[in-house]
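Coordinate analysis (summary)
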Amino acid sequence: MGTAPTVARRDRLGLGTSPLRPDGGPKVRGEFAFSSDLWAEGALWGRVLRSPHASARILRIDTAAARALKGVHAVLTALDVPGSELYGLEFQDQPVFASDVVRYMGEPVAAVAADHPEIARRALELIEVEYEPTAPLVDPEAAITAPPIHPEGNVVRHIRLRHGEDAEPGLPGGDGLVSVEGTYEVGMQDQAFMGPESGLAIPDDGGGVDLYVSTQWLHVDRDQVAACLALPPEKVRLHLAGVGGAFGAREDVSLQVHICLLALSTRRPVKVVYSREESFFGHVHRHPARMWYRHSADPQGRLVKVEARIVLDGGAYSSSSSAVVSNAAAFSSGPYRVPNACVDAYAVRTNNPPCGAMRGFGAVQVCTAYEAQMDKLATALDLDPVELRLRNALASGDRLITGQVINGTAPVAEVIRRCAAAPLPEARPHPPAMALPGGAGRTADPARVRRGVGFAVGFKNLMYSEGFDDSSSARCRIEGGAITVTCAAAEVGQGFVTLVHQIAEDVFGTDGVVLAPAETATVGSAGSTSASRQTWMSGGAVDAACRAARDALCGRVAARHGLSPEMVSMRDGRVVSLGREVDLTLDEALAGDVVDESVTFRHAPTVPLDDKGQGDAHVSFAFAAHRAVVDVDVDLGLVRVVEIATAQDVGRVLHPLQVVGQIEGGIAQGVGLAVMEEILVTDGLVRNPSFTDYLIPTALDMPVVEIAGLVEEPEPGAPFGAKGVGEPPTISSTAAVAAAVRAATGLELPRVPIRPEHIALAAQ
Amino acid sequence: MAVFVPTSLEELLTARAERPGLDLVAGGTDLVVEVNFGRHRLEDVASLSRVPELGGWRREGPAGPGGHLVLGSGLTYTEMLDPTLAELLPSLAQAARTVGSPQIRNAGTLGGNLGTASPAGDTLPVLAALEAEVLLGSAAGTRLVPLGEFVTGPKRTALAPDEVILAARVPVARGHQEFLKVGTRNAMVIAVCSVALVLDEQARQVRVGLGSVGPVPIRALEAERFAAEVVDWSTGRFSGGEADLRRFGELVGAAARPIDDHRSIASYRRRAVEVCARRALERTMSRQAA
């Protein structure tokens, strides 16, 4: 075995280069320790008993037989939760264990710790739970007025957005206006990360606990766990374990409270690893959506008014539904100038699986609808779909339908133009069977394959919105010869660990900086690894902490040598004065002292949306355009996505290879939602909780990704001028694929994922 | 729990006779899934991987029509793709290629596909169309069971608790073969439906096996009789017209007994086997004249 270089050969250091990920080699070689790989001497295995019903009363729970099983060390129910019985990201509305009712299939009822996972599984079978099933509420539209299934009511949030002079429901007046209408649906998508939920909890002697876990936000987990355990936060120490993907699914607490309860009650380390099936029940999903739209435009194609009614199914508990629906409303008309808007957006409770954060966060669902509407409008106006989008493209200085003026960059027209200008892939005269729709199944008849091209544009906010006190802390310590950066930002695969090194390289002029493990005990919160925010927020915090430490060190050296502070700087990892009469190693510069600087970084403040859905709720926006080329077997309804061209507004490219990685990965998830990914739920029961039946794209399903443009207009106020790049690739890629399939088939196809029968049986 | 690792067929059959119902594991691509889902609890288990008699394949009797191919139950999907075997049984190779990922194809076996007898088992419609027999063995001896009698229901077989699947015995047929499988993804997918078509020029038969459209693999007998009339047996190619293809598809569709489930709906499955069947028959036209 050769040894792989840990850092790619670069002709310079810092931002804008593509160093290899520090954890890349170990991951590729299978040597990286994910959270599921952890072990401690004497550890027990924890497992959770879950409700088989979508809705039921619990009449009785008897754990005696489970407790009596040899090898079982703890059986816990709601009665064993010492602190808050409820937890939740935005509202504490979700029980740690259900005690009186269960509101969704998979809701935790009890947990066990045992010597062996199989003993734990058998113990679960011995727990007697007497349920009285009740009729589940599964229709989100009906939920708005149905009797509440939760003390907090069924409507988690209703956003009544009214914008412009003609903001009430109804067609606008005016000569020659054209209106198009449609109702669209999006199925329930799963984040489908590779590494299922897992963690290791180790109790200490003082009643506290260390939890090693894969998560997106250590500190918010800690606070929720501590509240449920009735412990002060400092007695609950969270450490980031190796994370195998996140995509929003690790924002909510899953096993965190259960595992700590088990560890504290047994006084033994406890390990929990969800199976793939359990993972489907253990985390929230992307909200399914039903969306009615009416677009009205003048004869030149300028949008006059957008009306929409959007219903998101939040499932049994609120999770981040209130923020998701806020996004759905705010971005409901797309990256276009819309003078009048009337949007009612609801997030409701049902007895379906809870839904919450997933890459794109409310912007994905509405994009599938408003982009289908834009295509309908183009047809009605006999305009080219790209041209119609250009005529309405938002630009800096324009007002959103929330009334907010975009002060930052908004190169919408530029991403549209660059994407549309990419040359179309040529149809191969004799494609191999594998390259045709149906792939390995050899089903295609080339004469019955139609090609279609679809275009879509999308956008969303970066960072947390609506007045949330969004911050990130970082710490930089220089001691001996070492510079150590500490930040609790969760590395979930996105590449923050690489970025930290690049930032520090620019500040110190050396690549030898150490990034300490992310945990809660020694540094403040970094906020969540979500909302495309860590490059801006924690990147900004790390940059500021490094600069503060460097300036402190240089200041001390300057004072010691009687120089003014600006005369001393760092170059190639050394502290040097302007004329190099001072030229010290770090160790020499410190002279036995230590530099330790902590910084908390905040973005510009925002405000909540008001009762008309208006307000400067967002910090910054990122835009992307996608053009999909698909081949469709019109008889069998099978789709092969041939190519997706894209242009994206990135502010500034900090790591070219990682930007490409985000774009390709985001497109894979967008393609998945367009043609295959859906959690099927019938009467509240999940029918496909496995990777056998919840299909995600394989290499054969993944299109060629043509990056037609990375638009670099530095964002004012953003550290490095960079925008987060993680989410935009998922937002409009789904809509573009759907548009391409419509173009190939001539069918309306108002629902994603498009299933083969939607095409094959409609084509009759 | 005990694990047996027999190194000869005799040892295996003895173990199975002493512990009827002893779990058998070859590639484990079905069994381990069942265990992981908690649907099957392993007690005693015997590994088949070191029993040399179960591996590989051989010819029996004449090389051409009248002869047989005996495919060991330990034959992996990857081995079915071996060019020598694939030339003799192209439809089996095509079916094997649709199974899972390379890792799964390296582990999963023909015997496992037979033993699991899933309605979606990819080799089963092929074996049905090939008129394969299943060779079963026990300490008491062996018996040959036609595939249609071996698979008695969804995931149910005629395998006795003391028996082991030794091989599939396939008559050698000269003629075009096709296997088409519909899934909602371009690879690594459980069949929504599948169609195997085998032309037997010697017997002047067209045989059609359908997968995932009934509790067991289905032969479309009426469609077969119709198709035999629209093949030019001097060339082994379909010689009819568009109406014949349509009729053939309809007859195949009529033979299907599909259901609605989480993978698809019955009406689509019926449509899809119609389409696949006519495409399969049409593809015989591209065959070089013998």
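Residues numbered from 1 in each chain as written. Chains lettered and ligands numbered in written order. Predicted model: local features only at pLDDT ≥ 70, side-chain atom pairs only at ≥ 80, totals over all residues. Heavy atoms only, no water.

1. What to know about the pattern of salt bridges
Residue and element names in this part refer to chain B. Put simply, the rule reads: For this document, the term salt bridge refers to a Lys or Arg side-chain nitrogen within 4 Å of an Asp or Glu carboxyl oxygen. Three exposure classes are used, based on accessible area relative to the maximum for each residue type with a 1.4 Å probe and protein chains only: buried under 20%, partly exposed in between, and exposed over 50%.
With the rule as written, the count across this model stands at 75 salt bridges over all chains. The residue Arg19 makes a salt bridge to Glu18 at a minimum N-O spacing of 3.6 Å. Classification of Arg19 by relative accessible area gives partly exposed; the value is 30%. Residue class for Glu18 comes out exposed when judged on its relative accessible area of 56%.

2. Some points on the interface of chain B and chain A
To keep things clear, this is the line we draw: Whether two residues are in contact is decided by their heavy atoms, any of which lying within 4.5 Å being enough. Accessible area that two parts lose when put together, with a 1.4 Å probe and added across both, is what the buried area reports. Nitrogen and oxygen atoms within 3.5 Å of one another constitute a polar contact, given that in protein one can donate a hydrogen and the other can accept it, and given that sequence-neighbouring residues count only through two side-chain atoms. Helix and strand assignments follow DSSP, with helices taken as H or I runs no shorter than four residues and strands as E runs no shorter than two, numbered in order from the N terminus.
Between chain B and chain A, the residue contacts involve 33 residues of the former and 44 residues of the latter. Summed over both sides, the interface between chain B and chain A buries roughly 3,100 Å², with carbon and sulfur atoms accounting for 52% of that surface. The largest contributions to the chain B side of the interface with chain A come from Arg185, Asn186 and Arg279 of chain B, which together make up 25% of the buried area. At the boundary of chain B and chain A, one finds 6 salt bridges. Between Arg442 of chain A and Glu178 of chain B there is a salt bridge whose closest N-O contact spans 3.1 Å. The tally of links between chain B and chain A comes to 20 residue pairs in polar contact (both at pLDDT 80 or more). Of all the secondary-structure elements, those providing two or more residues to the side of chain B that touches chain A are helix H5 (90-97), strand E11 (177-182) and helix H12 (266-283) of chain B. With 9 residues, H12 of chain B is the largest single contributor of residues to the side of chain B that touches chain A.

3. Focus on the confidence of the model for chain A
Put simply, the rule reads: pLDDT: the predictor's confidence for each residue, scored from 0 to 100.
Residues of chain A with pLDDT of at least 70 account for 99%, and the chain-wide mean is 96. Throughout residues 1-7 of chain A the model reports pLDDT below 50, and contacts reaching past four residues in sequence, or to other chains, amount to 7 contacts.

4. Details of the domain arrangement of chain B
All names here are of chain B. As a reminder of what qualifies: Residue ranges assigned to the domains are those given by an automatic or database domain assignment.
Here chain B is partitioned into domain 1 (51-171) and domain 2 (177-286). Computed over C-alpha atoms only, the centres of domain 1 and domain 2 are separated by 21 Å. In this assembly, 26 residues from domain 1 lie in contact with 24 residues from domain 2. A buried area of about 1,900 Å², summed over both sides, lies between domain 1 and domain 2, and 62% of it is on carbon and sulfur atoms. In terms of surface lost to domain 2, no three residues of domain 1 exceed Pro119, Pro125 and Ala129, which account for 26% of the buried area on that side. Where domain 1 meets domain 2, there are 3 salt bridges. Linking Arg207 and Glu131 is a salt bridge whose minimum nitrogen-to-oxygen distance equals 3.7 Å.

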